[in-house]
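# Structural characterization, general
For reference, the chains in residue letters:
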Amino acid sequence: GVSPELRAIGEREFIEGIFPLFRDQRSTEVGHLVLLQDWAPTQALLDELRNALLMAGAAGFALALAGGLVFSRRTSQPLMDMAAAARDIAGGDWDRTVPARGSAEATTMAMAFNDMTRGLRDQAERLRASYQRFSTVTQSARDAIVSTDQAGRITFWNRSAEATFGYSENEVLDKPVTMLIAESDRVAYA
């Protein structure tokens, strides 16, 4: 039979096969044919195949890596656009919108974000107009109007309050309302 091991003869390697010369021969002492096949061409083919597989694997890895980077960039770019728009809007740029591009999910998110921004812009405009009306009414009132927050700090002060208490708005904003109450009356107020 053919031996699975390589036999070295000199500096070369061979595959060895030993076969009987006669079919009926049972003895292993006489009449065998020894065939040797040079292993060098087979080894060269195996080396060439291994190199080709390594190159194909490296090329496949490089393509997969490039594809992954492109896919990652395409997937994350709409989210990065939305984060940048959110920062701009938080900074006061109410006209900032997010471009609707990318996957269907990213487009849907961008459109919803833009709708939310429009709603916030409209509410801010209504709030600004409401405050303007409030300020106009309170500033023209003859009575002193003072507003405080939950901690008792002054948050609003009209012109009549300035005339009544003798402090300007800048002097009293964020100060405790108790500063306007006489010392003797503060115990009863608290």
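Above this note sits the structure.
So, here's what we can say about the structure. (Residues numbered from 1 in each chain as written. Predicted model: local features only at pLDDT ≥ 70, side-chain atom pairs only at ≥ 80, totals over all residues. Heavy atoms only, no water.)

Here we take up helix α2 (residues 104-140). Between its terminal C-alpha atoms α2 stretches 54 Å, which fits the 54 Å expected from 37 residues at 1.5 Å a residue. Looking only at α2, the buried set comprises Ala106, Ala110, Phe113, Asn114, Thr117, Ala124, Ser135, Thr138 and Gln139. Among the structural elements, α1 (40-90), β5 (154-157) and α3 (159-165) are those in contact with the buried residues of α2. (Helix = DSSP H or I, 4+ residues; strand = E, 2+ residues; numbered from the N terminus. Expected span 1.5 Å × (residues − 1). Buried < 20%, exposed > 50% of the residue type's maximum accessible area, 1.4 Å probe, protein only. Contact = heavy atoms within 4.5 Å.)

Here we come to the pairing of strand β2 (residues 12-20). Note: strand β1 (residues 2-9) against β2, five bridges, orientation antiparallel. The partner of Arg7 across the bridge, within β2, is Phe14. Pairing analysis gives seven bridges linking β2 to strand β3 (residues 32-38), with the strands arranged antiparallel. Counterpart to Pro20 in the pairing with β3 is His32. (Pairing = 2+ DSSP bridges.)

A pair of packed helices is captured by two measures, namely the crossing angle of their axes and the spacing between those axes. One way to put it is that α1 packs onto α2 with a least axis distance of 10 Å and a crossing angle of 10°. For the element pair α1 / α2, the angle class is roughly parallel. Counted together, Pro78, Leu79, Met82, Ala85, Ala86 and Ile89 of α1 and Ala106, Met109, Ala110, Phe113 and Thr117 of α2 form the full contact between these two elements. (Axes fitted to C-alpha atoms, helices over the stretch in contact; angles between N-to-C directions. Parallel < 35°, antiparallel > 145°, perpendicular 65-115°, else oblique.)

Across all of its chains, the model carries three aromatic pairs by this definition. An angle of 40° between the planes, with centres 6.1 Å apart, marks the rings of Tyr131 and Phe134 as tilted. With Tyr131 and Phe134 both in helix α2 and three residues apart, the pair spans about one turn of that helix. Judged by relative accessible area, Tyr131 falls into the partly exposed class, the value being 48%. Their ring planes at 40° and their centres at 5.5 Å tell us that Trp157 and Phe165 sit as a pair that is tilted. With a relative accessible area of 35%, Phe165 lands in the partly exposed category. Grouped by ring-pair contacts, the aromatic residues Tyr131, Phe134 and Phe156 constitute a single cluster. (Phe/Tyr/Trp six-rings, centres within 6.5 Å; stacked < 30°, edge-to-face > 60°.)

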